[in-house]
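# Fold and contact review
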Amino acid sequence: MEPVIDQACAAALYSADDAGLDTGASLLAADPSADEAAQRRGEEFVRRAWERGWQPADVVRVVRRELDESRASLAAALITAETARYDRLPPRWADQIAELPAPAPRNRPDRFGYASALLELYRLLLRLPAIEPVGPPPGRAADTPHLPPAHGEPRTLTRIRALLAKAEATGFPEEAEALTTKAQELMARHSVDEALLAARTHGAGGPGARRIGVDAPYESAKAVLLDSVASANRCRAVWDGDLGFTTVVGFEADLEAVELLFTSLLVQGTAAMATAEAGQRAGGRRRTKTFRQSFLMAYAQRLGSRLAADTARVTAAADTAPADGGPDAPGGLLPVLAARDAAVTETAERMFPRTTTSRVRGVSDAEGWTQGTAAADRARTGGHAPGIGR
């Protein structure tokens, strides 16, 4: 006789409607002896996702996006159990697993409800498409020459994280500006140091990639902001609007800078938007959605222009070391950066040979655009300090 888990999966996962889901859930709920088999099947589906290029954070993100938080907790339980099988996880996986939602307990609120949610999750996992991997799956050696350390991070990045966290938390704009400027100084110097060190030591490391979530609402404006930050840090960004993430390609120090700065600027921009919107609503305006879309798009595009200028400034400032004939000599940094730019472009084109350009939603609120531009100017990335990038 066919095992209950096979019957349940056949009924639920391959049916065209939810009637099959109910049938499969009823089969599982009626047979407690099938619980362990159902757990193992779920871990198998998670393992298939790893083979198709997905990582823990990606899986939870898409489950939240397509289903809900309770299913994301079920996915977290499966991910935690499946990844416990490995002696060593790929870089950044431990951090992703540590940030998963609390795993959902089994058979809550009741056996049928739990079985129904589980099979709904399985159906989504089974239908995940193959995506471009940004690292090896667990249990397999890396197939890329450049990967970050599995544990820890440079002390500079720890300091940058702390500065940006304080900038986001303070209620005083002047203090936030000073903290962010200092973080940018450290970020720029760290990036330059990494590039020059690689040139001096003839390091064989090449570009890597990581995925960064771009969540609704107003995801097109957020994707533009992320693309601006990536470009200013000599990275390439490819947005997948259907799956809710952007893949950023670049050298590891620059990838870290992109994620840190994008996250911080998004927090600052969202807070500034809420303040501006409150003022608009106090004045009797109610076009909240169009105001927000226009605000964030202006914020993203204005920052893009400023970050590009900052990158040019910091590159010129860094290219002034003593003349010893090496990459540290005046004029020696530019060829190093050009070679890195070429390597990033080659890697991005190899990973995504068929990218397309799409038109984002137009701006329809002039006041939102004006205030978003002003907010971008207040989120200073220059001043006396070199900006982000190198």
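Computed from a predicted structure; not experimentally measured.

Quick look at the pairing of strand 2 (residues 236-240) now. Pairing analysis gives 5 bridges linking strand 2 to strand 3 (residues 245-250), with the strands arranged antiparallel. Among the inter-strand pairings, Asp-240 is bridged to a residue of strand 3, identified as Phe-245. Between strand 2 and strand 3, which pair antiparallel one after the other, the connecting turn spans 4 residues, and Gly-244 there sits at a positive phi close to 80 degrees.

Topologically, Arg-210 is positioned in strand 1 (residues 208-213). What makes Arg-210 buried here is its relative accessible area of 4%. A polar atom in the side chain of Arg-210 sits 2.6 Å from the side chain of Glu-252. Engagement of the side chain of Arg-210 in a polar contact is seen with the side chain of Glu-259, the distance being 2.6 Å. Arg-210 has contacts with Arg-92, Val-134, Thr-246, Thr-247, Val-248, Glu-252, Leu-255, Glu-256 and Glu-259, leaving out every residue within four places of it along the chain.

The terminal C-alpha atoms of helix 10 (residues 219-232) lie 20 Å apart, and with 14 residues this matches the ideal 20 Å at 1.5 Å per residue to within 8%. For helix 10, the set of buried residues is Ser-220, Ala-221, Lys-222, Ala-223, Val-224, Leu-225, Leu-226, Ser-228, Val-229, Ala-230 and Ala-232. The inward-facing, buried residues of helix 10 abut strand 1, strand 2, strand 3, helix 11 (252-282) and helix 12 (288-318). Count one or two residues on from helix 10 and you reach Arg-234, which has phi positive near 60 degrees.

Our next topic: the packing of helix 5 (residues 69-83) against helix 7 (residues 111-126). Remark: helix 5 packs on helix 7, axes separated minimally by 10 Å, with the N-to-C direction vectors making an angle of 75 degrees. The orientation of helix 5 with respect to helix 7, classified from their angle, is roughly perpendicular. Along the contact surface, helix 5 presents Arg-71, Leu-74, Ala-75 and Leu-78, while helix 7 presents Tyr-114, Ala-117, Leu-118, Glu-120, Leu-121, Tyr-122 and Leu-125. Looking at the contact of helix 5 with helix 7, its residues break down into 9 nonpolar, no polar and 2 charged.

Counting buried residues along strand 1, 5 of its 6 residues qualify, which places the element largely inside the surrounding structure. Where strand 1 and strand 3 come together, 6 bridges link them in antiparallel fashion. Across the sheet, the residue bridging to Gly-208 is Gly-250, located in strand 3.

Now for the pattern of salt bridges. Counted by the stated rule, this structure contains 20 salt bridges. Put simply, Asp-58 and Arg-211 hold a salt bridge, and the shortest N to O gap is 2.7 Å. Here Asp-58, found in helix 4 (residues 56-66), pairs with Arg-211, found in strand 1; they are 153 residues apart in sequence, far enough to count as distant. Neither Asp-58 nor Arg-211 differs from the other in exposure class; each is buried. Close ionic contact of Glu-66 with Arg-65 constitutes a salt bridge, the shortest N to O distance being 4.0 Å.

Let us look at helix 1 (residues 4-13). Taken together, the buried positions of helix 1 are Ile-5, Ala-8, Cys-9, Ala-11, Ala-12 and Leu-13. In an axial view of helix 1, the angular spread of the buried residues amounts to 165 degrees, which keeps them on one side of the axis. Tucked inside the fold, the buried residues of helix 1 contact helix 2 (18-29), helix 3 (35-51) and helix 7.

The subject of this paragraph is the confidence of the model for the chain. Of all residues in the chain, 81% have pLDDT values of 70 or greater, and the mean over the chain is 81. In this model residues 143-151 is a low-confidence stretch, pLDDT under 50, and it forms 17 contacts with partners more than four residues away in sequence or in other chains. Every residue in residues 380-390 scores below 50 in pLDDT, and together they form 54 contacts with partners more than four places removed in sequence or on other chains.

Conventions we followed
- Residues numbered from 1 in each chain as written.
- Predicted model: local features only at pLDDT ≥ 70, side-chain atom pairs only at ≥ 80, totals over all residues.
- Heavy atoms only, no water.
- Pairing = 2+ DSSP bridges.
- Helix = DSSP H or I, 4+ residues; strand = E, 2+ residues; numbered from the N terminus.
- Buried < 20%, exposed > 50% of the residue type's maximum accessible area, 1.4 Å probe, protein only.
- Polar contact = N/O pair within 3.5 Å; in protein donor to acceptor, adjacent residues only side chain to side chain.
- Contact = heavy atoms within 4.5 Å.
- Expected span 1.5 Å × (residues − 1).
- Axes fitted to C-alpha atoms, helices over the stretch in contact; angles between N-to-C directions.
- Parallel < 35°, antiparallel > 145°, perpendicular 65-115°, else oblique.
- Nonpolar A, V, L, I, M, F, W, Y, C, P; charged D, E, K, R; others polar.
- Salt bridge = Lys/Arg side-chain N within 4 Å of Asp/Glu carboxyl O.
- Arc of directions from axis to C-beta.
- pLDDT = per-residue confidence, 0-100.

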